[in-house]
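# Structure assessment
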Amino acid sequence: MTQYKLLGFLYQNASWLSAGVLLTFLSSFGQTFFISIFAGEIRAAYGLSHGSWGAIYSLGTTLSAVVMIWAGGLTDILRVRVLGPVVLAGLTLAALAMALNSWVFLLPLVIFLLRLFGQGMSTHLALVAMARWFTANRGKALSIASIGYAFGEALLPLAFVAAMVFLDWRWLWVVAAGIAALGISILIRFLRQERTPQSLAARYSSTGMQDHHWTRREALLHPLFWFMMPAVLGPSAFITAFFFHQVHLAEVKGWLHIQLVALFPVYTGVSLISMFAAGWALDKWGTARLMPFYQLPMALGFVILAISSTIGGATVGLVFLGLTVGANSTLPSAFWAEFYGTQHIGAIKALATAVLVLGSAIGPGLTGVLIDLGVPLSTQFLWIGGFFVGVCVLVWTGVSRAERSL
């Protein structure tokens, strides 16, 4: 796509692409990279150890994963301009609940709401819309929509950590709720005319393997779906674990927390470059050639973080993590549409999103328990690096068999 064609694409689709950016940005308030900056304050306020806080976080996240299997399928039924404001209203109430709650037994419910409406539905709604609304330029649309997540990841942790010097952490959650509430009216404005009402979805649909629109049940019975599950679960589980334990990681490495947080814009910048490169590449070559290899940089990144003791080493590790995270923002969503078709993409991707959310529950809980048992994060990171190498082998096996059916 030439520069002029790209500018024309952006101009013609500005409102729909902006809606995707807005939804992924506001999902930040339910993402681990945001919630975890308050980990020390939350553990102090409720008297929690690393393991107990990880268990509570995992419980709330797991419940949100279960509900996502049903809620995510609503994107096949309801328009984004109808479902989007409901999701953002739920996210607003969840942020207020975090600000106001003082009972530890309600903390899992608060986490559940943040994860469901933030990490789960806001992201899912944006990416399903891009995958359905765009066909020839699906990769570019997914990349552009994911910018919102990248902006949130780069700006919000640094801004809110700095603001904690002046404001109590609970008031910062009130600020987050206000931003999410403001997003409702902006989203409605962007989607005054939605690109593809459900009645016209067939016009924009594309089939998958065997020239067929696969249902969720059919996808579940297909081997490729299960070959892909470790690749869906892994980045979510262990990037979540990294951000969740960022305060602890800084302590054991001898860094100031603000030093580690200051690296996040570098990580996000690399993620953005990787995201657009992956979007361009998948529009040119398809996802089959890319999926087996894009998680190898993450394996290397965790190994570097394990053996490094300096901020410089951490920077290099985060660069490699960012390469995979950026590609992960676009490739999987396009993969489901390319291999299984778009007619039931909401229901199929909802199941994948549920696995992703489940991974984000397993990661912090597992690593938190291991920390309490005396297994240092550096050792765990080495194990995680080996896990991602195995994931790449699995994906290559599954995709190389299924590609013949495209």
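Here the structure is a predicted model, which is why all the values come from computation and not from measurement. (Residues numbered from 1 in each chain as written. Predicted model: local features only at pLDDT ≥ 70, side-chain atom pairs only at ≥ 80, totals over all residues. Heavy atoms only, no water.)

## Side note on the overall build of the protein
- Assigned secondary structure in the protein consists of 20 helices and 0 strands.
- At 20 Å, the protein has a C-alpha radius of gyration in line with the 22 Å of a compact globule built from 406 residues.
- By its C-alpha atoms, the protein is 55 × 45 × 40 Å across when sized along the principal axes.
- Across the 406 residues that make up the protein, the buried fraction comes to 59%.
- Long-range contacts, defined as pairs at least 24 residues apart, comprise 85% of the intrachain contacts of the protein with a sequence gap of at least 6.
- Side-chain charges of the protein comprise 21 positive and 12 negative groups, with the mean position of each set lying 8 Å from the other. (Helix = DSSP H or I, 4+ residues; strand = E, 2+ residues; numbered from the N terminus. Rg over C-alpha atoms; globule rule 2.2 N^0.38 Å. Buried < 20%, exposed > 50% of the residue type's maximum accessible area, 1.4 Å probe, protein only. Contact = heavy atoms within 4.5 Å. Lys, Arg positive; Asp, Glu negative; His and termini not counted. Charge placed at Lys NZ, Arg CZ, Asp CG, Glu CD.)

## With respect to the packing of aromatic side chains
- By the definition in use, this model includes 27 aromatic pairs.
- Each ring, one from Trp 103 and one from Phe 105, has its centre 6.4 Å from the other, and the planes form 35°; the classification is tilted.
- Relative to Phe 381, the ring of Phe 302 has its centre 5.2 Å away and its plane inclined at 65°; by these criteria the two rings are edge-to-face. Placement of the pair is Phe 302 in helix 16 (residues 296-307) and Phe 381 in helix 20 (residues 377-402), with a sequence separation of 79 residues. Each member of the pair, Phe 302 as well as Phe 381, is classed as buried.
- One aromatic cluster in this structure is built from Trp 214, Phe 225, Trp 226, Phe 335, Trp 336, Phe 339 and Tyr 340. (Phe/Tyr/Trp six-rings, centres within 6.5 Å; stacked < 30°, edge-to-face > 60°.)

## As for the confidence of the model for the protein
- When pLDDT is averaged along the protein, the result is 86; 95% of the residues meet or exceed 70.
- Within the model, pLDDT remains below 50 along residues 197-204, and this stretch shows 9 contacts once partners closer than five positions in the same chain are excluded. (pLDDT = per-residue confidence, 0-100.)

## Regarding empty space enclosed by the protein
- Throughout the structure, instances matching the rule amount to 4 cavities of 30 Å³ or more.
- Roughly 620 Å³ of internal volume is contained in the largest cavity.
- Lining the largest cavity we find 32 residues, and of these Thr 123, Tyr 149, Ser 236, Asn 328 and Leu 356 sit closest to its centre.
- The set of elements that each furnish at least two residues to the lining of the largest cavity consists of helix 3 (32-35), helix 7 (107-133), helix 9 (147-163), helix 12 (223-244), helix 17 (311-328), helix 18 (331-340) and helix 19 (345-372).
- With 7 residues, helix 12 is the largest single contributor of residues to the lining of the largest cavity.
- Its residues assigned to classes, the lining of the largest cavity shows 14 nonpolar, 15 polar and 3 charged. (1 Å grid on protein atoms, 1.4 Å probe; cavity = no way out; pocket = protein on both sides within 12 Å on 5 of 7 lines; lining within 4 Å. Points joined across faces, edges and corners; volume = space filled by probe spheres on them. Nonpolar A, V, L, I, M, F, W, Y, C, P; charged D, E, K, R; others polar.)

## A closer look at the environment of Arg 81
- Note that Arg 81 resides in helix 6 (residues 80-100).
- Counting along the chain gives 109 residues from Arg 81 to Phe 190, while the straight-line C-alpha distance between them is 8.7 Å.
- For Arg 81, the side chain forms a polar contact with the main-chain oxygen of Arg 192, separated by 2.8 Å. (Polar contact = N/O pair within 3.5 Å; in protein donor to acceptor, adjacent residues only side chain to side chain.)

## Regarding the environment of Ala 350
- Position of Ala 350 relative to the elements: it lies in helix 19.
- Residue classification places Ala 350 among the buried positions, given a relative accessible area of 0%.
- Contacts of Ala 350, omitting those with residues within four sequence positions, involve Met 68, Ile 69, Gly 72, Gly 73, His 124, Arg 216 and Ile 345.

## As for the nonpolar core
- Membership of the largest hydrophobic core comes to 124 residues, with the highest contact counts inside it found for Phe 34, Trp 53, Trp 173, Phe 302, Trp 336 and Tyr 340.
- Among the elements that make up this core, the one with the highest residue count is helix 7 (15 residues).
- The residues contacting Phe 302, other than those within four sequence positions of it, are Phe 238, Ile 239, Phe 242, Leu 321, Phe 381, Ile 384, Gly 385 and Phe 388. (Core = buried A, V, L, I, M, F, W, Y, C linked by side-chain atoms within 4.5 Å.)

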